[in-house]
Amino acid sequence: MFIIAGLGNPTLRYEGTRHNVGFDVIDLLADKYNIAVDTRKGRALIGKGIIEGHKAILAKPQTYMNLSGESIRSLADYYKIDEEEELIVLYDDVSLDIGQLRIRKKGSAGGHNGIKSIIQHLGTDVFMRVKIGVGEKPKKYDLADYVLGHFTKAEREQMEEGYENCVKAVGMMLNGGTDAAMNEYNRKVKPKEA
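Since this is a predicted model, take the numbers as computed values, not measurements.

(A) Quick look at the pairing of strand S6 (residues 101-104). Burial of the side chains of S6 is restricted to one face: Leu101 and Ile103 are buried, whereas none of Arg102 and Arg104 on the reverse face is. Here S6 runs beside strand S7 (residues 128-133); their pairing, made up of four bridges, is antiparallel. From the neighbouring strand, Ile103 faces S7, where its bridge partner is Val130.

(B) Representation of the pairing of S7. Among the six residues of S7, six are classified as buried, and the element is accordingly described as predominantly covered. Side chains of S7 alternate between two faces, with Met128, Val130 and Ile132 and Arg129, Lys131 and Gly133 buried alike. With six bridges joining them, strand S5 (residues 87-93) and S7 adopt parallel strand pairing. Residue pairing across strands places Val89 opposite Arg129, the latter belonging to S7.

(C) Structural view of the packing of aromatic side chains. Enumeration over the complete set of coordinates arrives at three aromatic pairs. Here Tyr78 and Tyr79 contribute two aromatic rings whose centre-to-centre distance is 4.8 Å and whose plane-to-plane angle is 80 degrees, an arrangement assigned as edge-to-face. It is Arg129 that lies over the ring of Phe127; its NZ or CZ is 4.2 Å from the centre.

Reading guide: rules and limits
Residues numbered from 1 in each chain as written. Predicted model: local features only at pLDDT ≥ 70, side-chain atom pairs only at ≥ 80, totals over all residues. Heavy atoms only, no water. Buried < 20%, exposed > 50% of the residue type's maximum accessible area, 1.4 Å probe, protein only. Helix = DSSP H or I, 4+ residues; strand = E, 2+ residues; numbered from the N terminus. Pairing = 2+ DSSP bridges. Phe/Tyr/Trp six-rings, centres within 6.5 Å; stacked < 30°, edge-to-face > 60°. Lys NZ or Arg CZ within 6 Å of the ring centre and 35° of its normal.

Here it is as structure tokens:
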């Protein structure tokens, strides 16, 4: 049993923001694999289904980003998963170009409060994750304002490719191909021609 958790903030106010790209990918996975993510469990919205032949739970923590670990911890405990082998976390990264992915099996929070909370609550930084690039914050912007802002039309188009790649990468990871997914997707995205 896998838990695939996309990080974001609940409520319509945050829909479509850079910080909610984890929720966006969960929505795409839900559509692709016909899973309704509408059940409340462990301070998250979840949906159960089969993805690439594996039992999986799609989860959107409803605790707000900075407390994501509370939700992930309760889900991991309830479903008795091995976090190191059966948890995949999807989240935004401002140090990656728009739509670029970076897949890791472990690592620090890198300044991301949602991941910091998960590491704190799980007591380990060893869990699979897919960082989804949302572009670097412009110089004079406040980081919070930037990640809670929306993509431009051009950026949204670029993100769509990143989302599609993320869905494919998750499928590979579920089948034990995390290294293969890293080789395939941990590379620069070519910017679209204007």
